[in-house]
Structures are given as C-alpha cells and as structure tokens.
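One letter stands for each residue in the lines below.
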Amino acid sequence: MARAAVKSTAGDGIWLAAGKRTPFARAGGVLAGKDALQLSVPVIQAMLAEGAKPDLAVWGAVIPNLAWSNIAREALLDAGADPSIPAFSTVMACSTSMAGAFQAAGMLDGRGRDLALVGGVESMSRVQIGLTQNLSDDLRKIMEARSFGDRLTAISHTRLADVRLHVPKIQNRVTGKSMGEHTEDMAKGWAISREEQDRIALASHQNAAAAWKAGFFDDLVIRMAEAGHDTTVRADTSLEKLAALKPSFDRMSGKGTLTAGNSSPLTDGAAGLWVATARGLDRLPAATPRVRLVDYEINAIDLHHEYLLMSPAYGIPKLLARHGLKYDDVGLWEIHEAFAAQVATHIKALQDDAFLRDKAGVANTFGRFPVERMNPNGGSTALGHPFGATGARILSQAVKELAAMPAGTWAVVSICADGGQGTMALLRNS
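As a convention, each chain's residues are numbered from 1 in the sequence order in which they are written. Only residues with pLDDT of at least 70 are given local features in this predicted model, and only at 80 or more are side-chain atom pairs given and counted; all residues enter the totals for whole chains, interfaces and linings. Side-chain numbers here rest on the full set of heavy atoms in the structure, without hydrogens or water.

**Topic: the pairing of strand 5 (residues 115-123)**
Then, in step 1: Think of it in three bands: residues with accessible area under 20% of the maximum for their type are buried, residues over 50% are exposed, and the middle band is partly exposed, with areas taken using a 1.4 Å probe on protein chains only. A helix here means a DSSP run of H or I that spans at least four residues, while a strand means a run of E at least two residues long, and both kinds are numbered starting from the N terminus. Burial analysis of strand 5 places nine of its nine residues in the buried class, which makes it a mostly covered element.
Then, in step 2: A two-sided burial pattern is seen for strand 5, the buried positions comprising Leu115, Leu117, Gly119, Val121 and Ser123 on one face and Ala116, Val118, Gly120 and Glu122 on the other.
Then, in step 3: Here, a strand pair is defined by DSSP locating no fewer than two bridges between the strands. When strand 3 (residues 56-60) meets strand 5, the two strands line up parallel, connected through five bridges. Opposite Ala57, over in strand 5, you have Leu117 as the bridge partner.
Then, in step 4: Relative to strand 8 (residues 267-276), strand 5 runs antiparallel, the two being bridged by nine bridges. Residue pairing for strand 8: Ala116 is matched across the bridge by Val275.

Here it is in structure tokens:
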C-alpha cells in the first residue's frame, strides 16, 4: 500500500511531530517491575501535559496480555486522558507504532480530526505465560459442569500431554525459526561478514552515546524513578570487545556471526509521537519539532522464498522512485537495526542493480548508499528494541533530527518486521 502524497481531506498535508518516550532498558533490568500499561501511562501523560487534546489515539503492543484487549483505551484512561477521546490498538510486529502512525494519518480529515496521539509499548520482562488451548478448553468444561460427577467425567477427558504451559517465543510461527536464526541465514546468503556487523553495531553505540552526551534526547525521553536514560548504550565498547563475543544463534557450525553485541537486545519501553494536519499542529507547543509525512510504503515479501527481514530492500526503492530521488538526495536515513546483519544486507541489496530490477521491480539505479548519514543518533542495536515502541521511537528521533536540518531535506525511515513485512516513510523538512 502506498500513496504518491499523504494528504488529509482538509488539503493541508500530514505532519509528524516529535513525542516522548521512556528510557529503554534491557529486559530483566530497571523497568522489569512495570507492565505494558504502566510503561505507557507516563509517556501519554507527558505528551498530554503539553496542553494538546488529541482527537483520537492509536497505541500498540506486540505481546498479548489477557488483562486487556484494547491497550490504547486502557492506557489513555489510566493516564487520566479525557474519556471522550476514541482509542484503538494496532499490531504489526516491530512496525507496530509506525503502522499506527500511517493509520492515524488516513483518519485525519480536518473535520474534527486533526491531531492523533500514536505510539506503542513492550514489556519484555513481563511476558504472560498461558495454558495450552486444549487445557484451557478442558478447564472451561470442568468449570461449566453442573454436578460433581460431570466434573469428574470432564477431568477424565483431560490428556496429560496437554497439562503444560504455553511460553511465547520470539520466532516466526510459520517457519518455526527465531528472528536471529533467520538473520543468520540472511548473513550467510549475502556474505555479510562479522566485521561488517560489528562496525555497524559500534557506530550505533558511539552515535547513541554522543547524542545522549550532547543532550539530543533530553526533550524526547522522560525521566522515571527507575531510570533517566537508556541503559543499553555502551559508550565504552570497541571493535575488539565486540569481536570477542561468541555467536548467539549459530553456535555449532563455526560460521555464526550474530552476537549479543551486533543484535538488538530484548528491551522494555514505551514511545509516542504526534500525527497532525497543519491545523492540528497549532495545538502543540511551537517548539515541538515537526516535518511532513510525504509518502509511505507498507509491504510484504514471500517469506518462503526470501529472507524474512528483507522487506525494506524491496520497499525503499519503490518509495524513492515515485519521487525521482536517488540515495544521495536523502539527507537522513533512519534504519531499524533489528540486527546489524539485516542492515548490512539491506545496504548491499539497495546497491545491487540485479536485485533492484529482478526482485524489487525497479529499473532505476540509485547510486551509492550514504552510510555516513544513517542513524546519526544511534539505532536499535544501541538504544534497544521494545517491539511495539520502536516505530514511534525511530519516527520521533528522525523528526527531531530532520527538523533541525536545512529546509527541503529528505529523510527515509524504515523498519523490517516479522512475517516478511515492513514499513517505510518518506519525510521532508518543509
């Protein structure tokens, strides 16, 4: 799905404005005591404290919780928001809150819908463990039984093999492989070296550490009692330290290259941003960074015949071709670093004319990819990756960076997602 230009029916275009987020923390760390609602509430409160009442809200989380079905509504109510604000939840794996931004953009119409609060959350520390479906069915029958004898009969039909817990895993349901295993396949297929991956990871940590030191995140990250900054950034890492780490996913072949150092960590956190018409922007503080959402792409690839996390390499060329842009025309690249190997593969594919022509279906040649313009304030490898929050985090970060660049500068933001899907946004400072 794509649009040549993103406009509201009011005709003034769609804008993204920077929001707020929690510090991101490694799962099991300082934010481990908070569930997804408790992480979401302070972000929403911080955004509402800016004085703006949104016309609608979109919020998402990837990992389900039986305590709520619509986390968007529950989070707004717990945050003390006006109960008259409609809110709905969305999910698209790692692209969740970026897809939510696109959904909100399509709903803004200048007829009472001009401003949306969008975001997402993940509490990787508090994953709810459930019963198997068969055991759940058996327990329901036992509870519905009208007599003691009926209960005994229902119990007798329960199979011992079903009496176990279902523990959610970070793997693709169709293939049975984890994201790391899929990316190991990608790294081998595209001949991505361990050194290439470690260099991307090192740059991510160095850029994130420098951005924190320079104050870039001061107005993007709220301070919490548990943490005032991201806990996953390693300012003291080096290529030597990264090279010393052992493979995390392929430990047997001797050819594994993905490690804890060049892969995004399991992370707790929540993030939000604003989506608005020009009229909606008037409700936000004048100092809030804002840029135009010019175009977007939501795509999917055949995960049976393509590497699982390759969708941005298919979508980015189409996005740029629609606007006659080459890579060098883009002043800022924000690429989600699920794994450094995935980023390196995207960069390699984007410069491969045969891939662009035969797989992405784009005849254009786009030139050299300017890796020096990528993730200047750090990416997911350093900052962390709470699945539902990453889209809002990366968009807010891009908006702030792009808003400070010369007028007319372009930016591309991309996120790969489980299931062979992805989201990409084309932004402009104008």
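**Remarks on the layout of surface pockets**
Then, in step 1: Approximately 1,200 Å³ is the volume attributed to the largest pocket.
Then, in step 2: A cavity here means a set of points on a 1 Å grid, drawn over the protein atoms and nothing else, where a 1.4 Å probe fits but cannot get out; a pocket is an open set with protein on both sides within 12 Å along at least five of seven lines, and a residue lines either one if it has an atom within 4 Å of a point. Met124, Lys169, Ile170, Leu266 and Phe387 are the residues nearest the centre of the largest pocket, which is lined by 50 residues in total.
Then, in step 3: Of all elements in the fold, only strand 6 (130-131), helix 6 (179-189), helix 8 (239-243) and strand 11 (410-417) reach the threshold of two or more residues within the lining of the largest pocket.
Then, in step 4: Here the lining of the largest pocket is built from residues that sort into 26 nonpolar, 18 polar and six charged.
Then, in step 5: Grid points are joined across faces, edges and corners, and a volume is the space filled by probe spheres set on the points. When its volume is computed, the second largest pocket comes out at roughly 260 Å³.
Then, in step 6: Along its surface, the second largest pocket is lined by 18 residues, and Ala61, Ile63, Pro64, Asn65 and Trp68 are the ones closest to its centre.
Then, in step 7: Contributing elements (two or more residues each) for the lining of the second largest pocket: strand 4 (87-90) and strand 5.
Then, in step 8: A class-by-class count of the residues in the lining of the second largest pocket yields eight nonpolar, seven polar and three charged. Note on residue categories: nonpolar means Ala, Val, Leu, Ile, Met, Phe, Trp, Tyr, Cys or Pro, charged means Asp, Glu, Lys or Arg, and polar means any other residue, Gly included.

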